[in-house]
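Spelled out from the first residue to the last, the chains are:
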Amino acid sequence: MQNKGTIKFFGIAFALVCAYSLSFTLCTRQVEKNAKSFAINEQVKAEAKKLANGNALKETFYLDSLSKIRENYFLDSMSNEVIYNVLVRKYTYRDCKSREINLGLDLKGGMNVTLEISLSDILTSLAGKNAADPMFQQAFNKALERQKSTQTDFITLFGQAFKDVAPNGRLASFFAFNLPERVKTNSTNEEVLKVLKEETDAAVDRTFQILRTRIDRFGVAQPNIQKLSQSGRILVELPGIKEPERVRKLLQGTANLEFWKTYELSEIFPALEQANKKIASFINGDLLTDSTKVTDSLATADTQKKDTTAVAATAKKDTNTKALSQAQREKENPLFSILQLSVDQQTGQLNKGAVVGYASVKDTAKINHMFEMVKATLPRDLRLAWEHKAIDEKSGIIQLIALKGVGEKGAVLTGDAISDARQDYSDKGGNEISMTMNAVGAKTWKKITGENIGKCIAIVLDGYVYSAPTVQNEIPNGRSSITGRFTLEEAKDLANILKAGKLPAPARIVQEEIVGPTLGIEAINSGLLSFLFAFLLVLLYMWLYYNRSGMVANLALIANIFFIFGVLASLGAVLTMPGIAGIVLTLGMAVDANVIIYERIREELRSGKGIRLAITEGYKHAYSAIIDGNVTTLITAVVLFIFGSGPVQGFATTLIIGIISSLFTAIFISRIIFEWMLSKDKHISFDNKYTRNFLQNTHINFIGLRKILYCVSGVVILAGIISLSTRGLSYGVDFAGGRSYVVRFDQDVKTDAVRESLNKEFGESPEVKTFGPSNQVKITTKYRIKEDNVEVDSIVEAKLFNGLKPFFTKKITIDDFSVKNQEVGLLSSQKVGPTVAKDIVINAIWAVFFSLIAIFIYIAVRFRKWQYGLGGLISLAHDAFITLSLYSFFYGVLPFTLEIDQTFIAAILTIIGYSINDTVIIFDRIREYVGLHPKRDLKDNMNDAMNSTLGRTLNTSGTTLAVLLAIFLFGGEVIQGFVFAMLIGVLVGTYSSVFNATPVAYDMINIFKSKKEKVQ
């Protein structure tokens, strides 16, 4: 084996990198384990019992609430603490959390939202009053109608529609007034459309920035927000969210940009002192109201008792003396102990300006709650707002600003007044923001700046202060600049935010999925169970069939799993339930490379070669088949990744990583182990007395049987066509659009009764299916799915609750029913708008089409005969169609969901990859036999090749089927339909590789050979 040292070095380095990446997950799990231990102790139980006053139900509620708050408190306190040292690098809990393996929403619970920013609304805003022009409206409505049947962006459609409506019309007349610097009265329509595209793209970027800022404020661990390839669409993933209604409002609200007057700290200091004293009396006394008992009782426990020893032992290992002094300070001055007032360090005098003080980011929620407790003590027009970012990220210190409200709205000016804003440079070379007001805004701005010379005006976006510059003089013309300690990026971001006030770009939720933590935990348990069972099955099978060499393959498989998880952690990839299925499936497919190698080694041994030479020759002859088979599977995985989204991409990611990793472990790791065994004169065996001659002397005439089996396939395909044309298919929400809910009851229910009850609420009959156990159903409805109002989702959920309430034996409120950590009620929900459903269907069709074409081209080029490519293509189409047909036959018959959705497309593409893998192995052996026996009849070469690979075909299919069966039985109802498709696909794919692909290639080669001879 050449370059053995290099491979060893690379393998060790790769293993170290994977171990390093996985170590962060171990560190965070330990801290979270400590947090759970800290959350509940005898004192907390006693406090919950006291608050409940003998009510057992309330005692459970208070205990859960107190323990959750204490757990969050512990994790917050650990956020910036170093918990992991690697050489010279130190990692805090927050650092480790960002590097651990990411769990998808289906495993962790949370919310997945696709937002669509309305480009049509932005266009209307850019046109201003001119949008009411009849010609504009006619083109606009025509573009809206065309948008329903195409993926072309709205601005292009509007340009085409305007050309149809007014061939000689000028777009400049509609936009020159609102965009005077970019659109002139003599600008051509092409120039105007270019500007409009740039403006709409910029508006989408600004909305994206605002959404990202809002999400960062929401306090979600490991959020994911990204712009999608479709124009104006943004994907948001929020793990662990339990307040979907709050998230919807947060994401769909337009940017709220405001300008506020400010208080001087000296003006409100007396009120702050009084507030501090009142908070201390609340905490140390017994003046709590019911609404604040839970949180403040925790504050009492933490300030009086503090459990400081537990926190300090884990975080800083402070001494008991320091802990007690800190507890005393918090007891006497609860507000000022965590909010440091803005004072001159030398004189002790209050600083001038609107800055109230400084606090750690992790303490802001606690300070907000304190101010809420004593809001009656503070001036009515005082509003306290935090700056949008910490002074510096390392310290995590953030400023609190005192805003002064005017009138009912509070703000003196809103973002609508801004006509333009851009990053600029000051006379001294620093970064600043140049801002221009419209006519109305300039008039108001003149008055505000004139009245507040020497004072601060705060620029507030969504409740956070982005800047609070001091007014130097009156600004009469609406043109002003904002200076400060801005970096170039910060100045550009603030300019974009200011400009966002000019172009409101409402983001509408067009696709949504919510998974409750309960369902997520169950998915993890079922996924791990299926994974472990399948893994053990494969290990046992390889050991029993290939004896001691099977153990070598098992070591390679274990290394493969380790590498897959290590790479997932290194890349920051998200592990989903389909992703676990992808890993488990990779186990079955990883065996394939070992089987190919071992079968070739056994052939070499039967020819009389020694063990050392047989291993060398076996590996050498297996390389081409392994590479060809895995490359074709890799093609489908890449196509799946490009055209898929969400869980489908997760499946594709793990499949791609698994294929590459299994190649490395099967070819190199196992070879190194064999080399070591040979060097130590260890006994190596590749069979036992039961498997030694299994399928070695078969002489099946596969080519001779082809016509009979063509007829068998034809009959099945005809039955499929009849079923598809009569019964059709059961389309999932992904493809049909609508809302889907998984609900668990506290008793068994009948789907007909549930459907009838919901029909009264919705005015139409939803689809209701049993989903897993008899007390769990999946409800799908298209009720009001085309409406974009923010309130519609809540209305539909309320109607769902009203319709299902009678089926619970215990009294349940709508809050209890909503998605959260619960055993019964709404476990998950999904919403897919019509436009998204259409796009998913289009992407699915393109995914299947491109994967088939790519595989056809690869095989045709690799084997230098297009007939092989055509044979493979027809075989794959055969597999996909039969799988689709069986879904049509059995939906509504089998006791699990058989819906056509994104995961089904993932299954079809995986079947394509798996089936072509088998086909390529046979083609590779045919090519070898033709090279060795060029004068032998092609029929004989093909039959011999298929017979010689029969052991490999059945072994690989057998292990893969065993793996899939384990997932099907233990993987849970969420992926049963997906696995059912895979089971069908593997069976049909194995059949077609032998009885369709090669025979079709044989017939096509002979047909064109005879035509060529006739021509000659």
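Scope of this entry: the structure provided in the associated data block. Fair warning: this is a prediction, and the values are worked out from it, not measured in the lab.

Spatial strand order, β5-β6-β4-β18-β23-β20-β22-β21: eight strands in an open sheet with antiparallel pairing. Strands at the two margins of the open sheet, each flanked by one partner only, are β5 (224–227) and β21 (767–770). Between one strand and the next, the sheet's axes are offset by a mean angle of 20°, whatever the strand orientation. By the bridge criterion, four bridges tie β21 to strand β22 (residues 776–781) in an arrangement that is antiparallel. Each bridged residue has a counterpart across the sheet, and for Glu767 the counterpart in β22 is Thr780. Running at roughly 155° to β21, helix α25 (residues 751–762) makes contact with β21 and β22 of the sheet.

Another aspect to go through is the nonpolar core. Judged by nonpolar contacts, the single largest core of 123 residues is most densely connected at Tyr598, Phe674 and Tyr868. If one sorts the elements of this core by residue count, helix α19 (residues 517–571) sits on top with 18 residues. Those residues within four positions of Tyr598 in sequence are excluded, and the remaining contacts are Met542, Tyr546, Ser549, Gly550, Val552, Ala553, Phe674 and Phe686. Ranked by size, the runner-up nonpolar core spans 46 residues in total, among them Ala143, Ala172, Ile215 and Ile234.

Here the focus is α25. Under the 1.5 Å per step criterion, the end-to-end length of α25 is 16 Å for 12 residues, consistent within 8% with the ideal 16 Å. What α25 keeps buried is the set Thr751, Val754, Ser757, Leu758 and Phe762. The arc that holds every buried residue of α25, seen down its axis, measures 130°, which confines them to one face. For α25, exposure combined with an orientation more than 90 degrees from the buried face picks out Asp752, Glu756 and Lys760. Backbone geometry just after α25 places Gly763 at a positive phi near 80°.

Direction vectors running N to C along helix α6 (residues 119–127) and helix α7 (residues 134–147) enclose 170°, while the axes themselves pass 12 Å from each other. It follows from the interaxial angle that α6 and α7 lie roughly antiparallel. Residue-level contacts link Ser120, Leu123, Thr124 and Ala127 of α6 to Phe136, Phe140 and Leu144 of α7.

With that out of the way, let us pick up the environment of Val638. Relative to the helices and strands, Val638 is located in helix α21 (residues 611–643). Looking at Val638, the relative accessible area reads 37%, which means it is partly exposed. Separated by 15 residues in the primary sequence, Val638 and Thr653 have C-alpha atoms spaced 8.4 Å apart.

Attention now moves to the pairing of strand β6 (residues 233–239). With seven of seven residues buried, β6 is to be regarded as a mostly interior element. Here β6 shows two buried faces, one formed by Arg233, Leu235, Glu237 and Pro239 and the other by Ile234, Val236 and Leu238. Bridging between strand β4 (residues 110–117) and β6 involves seven bridges; their strand directions are antiparallel. In the sheet register, Val113 faces β6, and the bridge partner there is Val236. As paired elements, β5 and β6 share four bridges and run antiparallel to each other. Its bridge partner lying in β6, Lys227 is registered against Ile234.

Calculation criteria
Residues numbered from 1 in each chain as written. Predicted model: local features only at pLDDT ≥ 70, side-chain atom pairs only at ≥ 80, totals over all residues. Heavy atoms only, no water. Pairing = 2+ DSSP bridges. Helix = DSSP H or I, 4+ residues; strand = E, 2+ residues; numbered from the N terminus. Axes fitted to C-alpha atoms, helices over the stretch in contact; angles between N-to-C directions. Contact = heavy atoms within 4.5 Å. Core = buried A, V, L, I, M, F, W, Y, C linked by side-chain atoms within 4.5 Å. Buried < 20%, exposed > 50% of the residue type's maximum accessible area, 1.4 Å probe, protein only. Expected span 1.5 Å × (residues − 1). Arc of directions from axis to C-beta. Parallel < 35°, antiparallel > 145°, perpendicular 65-115°, else oblique.

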